[in-house]
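This is what each chain is made of:
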Amino acid sequence: MKLRKRILPALIGVGAVLLAWYLVCASGVVNDYVLPSPGRVWSTFLKMAASGELIKGVLVSLGRVLKGFGIAFALAFLLASLRILAPASEPYYEYIVQFFRNVPPIAMIPLLILWCGIGETTKTVIIVLASFFPMYLSIVKGFTGCDPRLLEVARSFDYGRGRAFFRVVLPSAMADILVGMRTSLGYSWRAIIGAEMVAASTGLGHMILFAQQMSRTDKVIVGILTIGIVGRVTDWLLGIVIRRFAGGTAQNGWD
Amino acid sequence: MDGIEIRGLKKSYTLESGTLHVLRGLDLTLEAGAITVVLGKSGCGKTTLLRLVGGLEKPDGGEIRFHSPRKTAFVFQEPRLMPWLNVRDNIQFGLRRGEIDPAATKRIIETVGLTGFESALPAQLSGGMQQRVALARALACRPSFIMMDEPFAALDHFTRESMQKELLRVREATDASILFVTHAIDEALTLADKVVLLSGGVCAAAFPIALPHPRDLMCDELIQARRSIVAALGAAA
Ligand SMILES: Nc1ncnc2c1ncn2[C@@H]1O[C@H](COP(=O)(O)OP(=O)(O)OP(=O)(O)O)[C@@H](O)[C@H]1O
Ligand SMILES: [Mg+2]
């Protein structure tokens, strides 16, 4: 059933794109430098995979994403919780948060390079900036969207603030939190590739830029395909973790 | 005296069109271990009274005196279950970790007739079943004072009857005081030790009913009581 409904159409879609790519290259309309053939890209991919170059790039970029994403999640969760548990604190940071929300992280790169060099700190900050806001906004939405009538039930059973937070507000916000995490993960993945193209000597983004400078379009394409695939796979893995967490109970905005 | 005394209770809401005085100096005594039923038309302030007694809202004036410390439980007009918790966890929602007793929970699930649905989520239950879970949630914490806001309004005739019996049994077993809101006269007559008529923001009339349970609604005393309640309701309107 699943094979007929999903996998088969997916294979046909991908196959069509590959076929079109192959035909364009075989027809000789475009130069091999502008668009290398699928076969050439495939053999380059195998070579890069065998040499460990590809895996290393993926791991470096992924490591940066996980670190920045983790920090951003902790920050977003903390600030959003603060907003619920101590509403009076909100005006102190809300405007600063809103300000940074409107600054694209890429625009911060020159300053960050000046302050932190092109080391890991710059890249971590970029990812934190890119992934913080979707998570913060959806966690806040989840928290504030909690049905006050359910909170009243907690109050009628003498729940304190903290207990009500963990047993009512947090579970009812779960779906929103998870959707925010998913969006943010995508954002951090994009941001790190961008940052690595500007300020890095390792990682997938740097690999692509370096390949361009060496006129290796085939390597550029391998890099792009890898980015797409790794992004999809991490998204899918997060989906599995989350379905476990939400227990299929909360509608979690997945698939 | 042991019980709850309500004196001069006032509550008003500010609406766009002006101030709405819902309770205007209400006096009411809830005897310990008794079932006090508040009867009144829709919108007369029954839920408001219950929320004030339950401490979910602050009164504008007057006082509510509890004569002994008590564990209270609230059954709301709607089920208000946690959508992410299954039946069992919803029922145990009012308990602290150390108070959870699987055997007791099982018994309560049995009495509200939900055996087999322990792992079901609220969305998978009918409205009446959800309300029974809400009732079980209140009973599970062994309250000595239960406030109930039209808890059986959504149930069919037979389930309502068995829930009423169950409530009386709980009262027998635990000696809990119960403040029960309804607009169904039959239900009031079936359950009450005292029926209180809420109208015009005060207790317009009180009818003590000192009959043993189970009661025959067709017996002379209750027919008589029904007559005077209907008359008082009509006079209040
Ligand atoms: N939070 C509120 N803000 C403004 N007005 C309110 C509020 N709560 C209740 N009221 C008003 O107070 C009056 C009494 O409401 P209440 O819910 O106590 O009625 P009720 O007797 O429980 O009615 P029902 O039998 O329909 O449940 C109504 O006119 C209602 O509009
Ligand atoms: Mg009401």
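Residues numbered from 1 in each chain as written. Chains lettered and ligands numbered in written order. Predicted model: local features only at pLDDT ≥ 70, side-chain atom pairs only at ≥ 80, totals over all residues. Heavy atoms only, no water.

Moving on: the overall build of chain B. From N to C terminus, chain B includes seven helices and nine strands. A compact globule built from 237 residues should have a C-alpha radius of gyration of about 18 Å, and chain B, at 18 Å, falls within 12% of that. Across its three principal axes, chain B shows a C-alpha extent of roughly 50 × 45 × 35 Å. Here chain B holds 237 residues, and 52% of them are scored as buried. In chain B, once contacts between residues fewer than 6 apart in sequence are set aside, the share between residues at least 24 apart is 69%. (Helix = DSSP H or I, 4+ residues; strand = E, 2+ residues; numbered from the N terminus. Rg over C-alpha atoms; globule rule 2.2 N^0.38 Å. Buried < 20%, exposed > 50% of the residue type's maximum accessible area, 1.4 Å probe, protein only. Contact = heavy atoms within 4.5 Å.)

Residues and elements named next belong to chain B. With respect to burial, strand S8 (residues 194–199) is a largely interior element, six of its six residues being buried. Burial of S8 is two-sided: the residues Lys194, Val196 and Leu198 facing one way and the residues Val195, Leu197 and Ser199 facing the other way are all buried. One ladder, built from four bridges, connects strand S3 (residues 35–39) with S8; its direction is parallel. Paired with leucine 39 across the two strands is leucine 197, which belongs to S8. Inspection of the sheet shows S8 paired to strand S9 (residues 202–208) by six bridges, in the antiparallel sense. Bridging across to S9, serine 199 finds its partner in valine 202. (Pairing = 2+ DSSP bridges.)

Residue and element names in this part refer to chain B. In this model, chain B carries an average pLDDT of 91, and 99% of its residues clear a pLDDT of 70 or more. Within chain B, the lowest mean pLDDT, 88, falls on helix H5 (residues 157–174), and the highest, 96, falls on helix H2 (residues 87–91). Reported confidence for the predicted complex is 0.88 by ipTM and 0.82 by pTM. (pLDDT = per-residue confidence, 0-100.)

This part is about the domain arrangement of chain B. Residue and element names in this part refer to chain B. For chain B, the assigned domains are domain 1 (4–71 + 143–236) and domain 2 (81–142). Between domain 1 and domain 2, the C-alpha centre-to-centre distance is 25 Å. Between domain 1 and domain 2, the contact holds 14 residues from the first and 11 residues from the second. Roughly 1,000 Å² of surface becomes buried between domain 1 and domain 2 when both sides are summed, with 73% attributable to carbon and sulfur atoms. Considering only the surface of domain 1 that becomes buried against domain 2, Lys71, Pro143 and Met163 emerge as the three largest contributors, covering 43% of it. Our enumeration of links across domain 1 and domain 2 arrives at one salt bridge. In this structure, lysine 71 engages glutamate 99 in a salt bridge whose closest nitrogen and oxygen atoms are separated by 4.0 Å. (Domains from an automatic or database assignment. Buried area = accessible area lost by both parts, 1.4 Å probe. Salt bridge = Lys/Arg side-chain N within 4 Å of Asp/Glu carboxyl O.)

Take the pattern of salt bridges next. Opposite charge on two side chains lets them pair, provided their charged atoms get close. In the structure shown here, the tally under the stated rule is 24 salt bridges over all chains. One salt bridge in this structure joins arginine 149 of chain A and glutamate 78 of chain B, with 3.3 Å as the shortest N-O distance. With arginine 149 of chain A in helix H7 (residues 148–156) and glutamate 78 of chain B in the loop between strand S5 (72–75) and H2, the pair connects residues from two separate chains. On the accessibility criterion, glutamate 78 of chain B (26% relative accessible area) is partly exposed. When salt bridges that share partners are traced, they join Asp147, Arg149 and Glu152 of chain A together with Lys11, Arg51, Glu57, Glu78 and Arg80 of chain B into one network.

Let us now look at the coordination of the magnesium ion (ligand 2). In ideal tetrahedral geometry, four donors around a metal make angles of 109.5 degrees, whereas ideal octahedral geometry with six donors gives angles of 90 or 180 degrees. Residue and element names in this part refer to chain B. Ligation of the magnesium ion (ligand 2) by protein atoms is provided by Thr47 (OG1) and Gln77 (OE1), these donors lying 1.9 to 2.4 Å from the ion. Here the residue threonine 47 occupies a position in helix H1 (residues 46–53), and glutamine 77 occupies one in the loop between S5 and H2, the gap between them amounting to 30 residues. Note on threonine 47: relative accessible area 29%, which makes it partly exposed. (Donors = N, O, S within 2.8 Å, 3.2 Å for Na, K, Ca; no water.)

To continue, consider the site of ligand 1. Residue and element names in this part refer to chain B. Around ligand 1 sit 14 residues, and of these Ser42, Gly43, Lys46, Thr47 and Thr48 come closest. Here lysine 46 contributes a side-chain N or O atom positioned 2.7 Å from an oxygen atom of ligand 1. Within the complex, the protein chains bury 64% of what would otherwise be the 640 Å² of accessible surface of ligand 1. Breaking the shell around ligand 1 down by element, the ones donating at least two residues are strand S1 (3–15), strand S2 (18–31) and H1. With three residues, H1 is the single largest residue contributor to the shell around ligand 1. In terms of residue class, the shell around ligand 1 is made up of five nonpolar, six polar and three charged. (Near = heavy atom within 4 Å. Polar contact = N/O pair within 3.5 Å; in protein donor to acceptor, adjacent residues only side chain to side chain. Areas by Shrake-Rupley, 256 points an atom, 1.4 Å probe, with all protein chains shown as cover. Nonpolar A, V, L, I, M, F, W, Y, C, P; charged D, E, K, R; others polar.)

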